[in-house]
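Architecture and fold: a report
The lines below spell out each chain.
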Amino acid sequence: MKKYDVVILGATGVVGQTMIKILEEEDFPVNKIYPLASARSHGETVFYKGKPILVEDAENFDFAKVQIGLFSAGASVSAKYAPLAAQKGCVVIDNTSHFRMHQDIPLIIPEVNANDIKQYKKENIIANPNCAAIQLLVALKPIYDAVGIRRINVVTYQSVSGTGKAALKELFHQSQDVLAGKVTSNEVYPIQIAFNLIPQIDSFEPNGYTKEELKIVYETKKILNDPEILVNPTAVRVPVFYGHSEAVHIETKVKITADEAKQLLHKAPGVIVKDNLQGNGYPSPAIDAAGKNAVYVGRIREDISHPLGLNLWIVSDNIRKGAALNSVQIAKLLVREYL
């Protein structure tokens, strides 16, 4: 099997480290791996297949040495380095928000719109969608294909790992302070996250929605290639370490029963249905999603307030399927069909 030289930009971050782990788990055909980060992380070590690899400074790296790049170091970093890498023949799979809505750059979820990946040849860049949009559309695509979806109402309950290492530490230390009866402080989030909910992810736009919420709107339309679909999101940060959850209420174009939806989801790639009315017959982020690759769906029921309504509860590990795994799945499509 042909092997590929792969660069990981943002290799010391939560997503970057998970990308390296998943390349190993998926037995991706890696010839040589190059972990990159900013100058402050230069000289740190990451491990691939049990072997230590020194992290290099992205500023001095020659991207002509690699064929595939997995980028997850922030939008401004990708804006700088992705075009440079692409010009030198490296196909960049970018996990930041920077390129997602660029017209000539495909926005890919392999279970949803794999055929769109061929558009990468225009810019040599492929965008990885927002983590909340990924799990939402993996679960909704089989229903969308079967009966159409006119409108999506979704409330996301997003874990702190989506913000990075500093947020994980903040939740941990705040939880200790609160349990010890101490006054706590916050630096990452605008208010305390421990034992609390924050109905704000990213900054507010003039229409009252946050940037995170609007990402879900615009990315859903692009991924489904459906400018008419209506999406109404509310994004909430919750005191969970790993795993996003979503309460989803859809209006379909044709009536579908809960049982019919379950049958479709049981067959859907990347989906595990956990739905019964006994005990813990529903998925949760800590018990089911954390550390797993699947998108879990439960609480599937017909909307008693609308004849074409269907309700679902969707849970997934935002760092794995919502970022690192989806990127590696895109890379696997690339090497299988295009490179």
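Everything below is about the structure shown above.
Overview of the structure. (Residues numbered from 1 in each chain as written. Predicted model: local features only at pLDDT ≥ 70, side-chain atom pairs only at ≥ 80, totals over all residues. Heavy atoms only, no water.)

**Points about the sheet that holds strand β14 (residues 309-316)**
Across the sheet, which stays open at both edges, the 6 strands sit in the order β10-β9-β11-β14-β13-β12 with mixed pairing between neighbours. Strand pairing shows two members of the sheet lacking a second neighbour, β10 (230-237) and β12 (271-273), which therefore form its edges. Pairwise comparison of adjacent strand axes, ignoring direction, gives a mean angle of 20 degrees for this sheet. Both β12 and strand β13 (residues 295-302) contribute to a ladder of 3 bridges, which runs parallel. Each bridged residue has a counterpart across the sheet, and for valine 273 the counterpart in β13 is valine 297. Packing against the sheet, helix α6 (residues 211-224) makes contact with β9 (149-158) and β10, and its axis sits at approximately 145 degrees to β10. Sheet strands in contact with helix α7 (residues 258-267) are β12, β13 and β14, and its direction is about 165 degrees off that of β13. (Pairing = 2+ DSSP bridges. Helix = DSSP H or I, 4+ residues; strand = E, 2+ residues; numbered from the N terminus. Axes fitted to C-alpha atoms, helices over the stretch in contact; angles between N-to-C directions. Contact = heavy atoms within 4.5 Å.)

**Considering the packing of helix α4 (residues 131-147) against α7**
The N-to-C vectors of α4 and α7 enclose an angle of 120 degrees; their axes lie 9 Å apart at closest approach. As summarised for this structure, α4 and α7 are arranged oblique, according to the angle between their axes. Crossing handedness for the pair α4 and α7: right-handed. Together, Ala139, Pro142, Ile143 and Ala146 of α4 and Ala261, Leu264 and Leu265 of α7 make up the contact between the two elements. Among the residues making up the contact of α4 with α7, the classes are represented as 7 nonpolar, no polar and no charged. (Parallel < 35°, antiparallel > 145°, perpendicular 65-115°, else oblique. Left-handed = near helix turned anticlockwise from the far one by under 90°. Nonpolar A, V, L, I, M, F, W, Y, C, P; charged D, E, K, R; others polar.)

**Quick notes on the packing of helix α1 (residues 14-25) against helix α9 (residues 320-337)**
For the pair α1 and α9, interaxial distance at closest approach is 9 Å and the crossing angle is 50 degrees. Relative to α9, the element α1 lies oblique. Crossing handedness for the pair α1 and α9: right-handed. Here Val15, Thr18, Met19, Lys21, Ile22, Leu23 and Glu25 of α1 come into contact with α9, specifically with Arg320, Ala323, Ala324, Leu325, Ser327 and Val328. Considering only residue class, the contact of α1 with α9 consists of 8 nonpolar, 2 polar and 3 charged.

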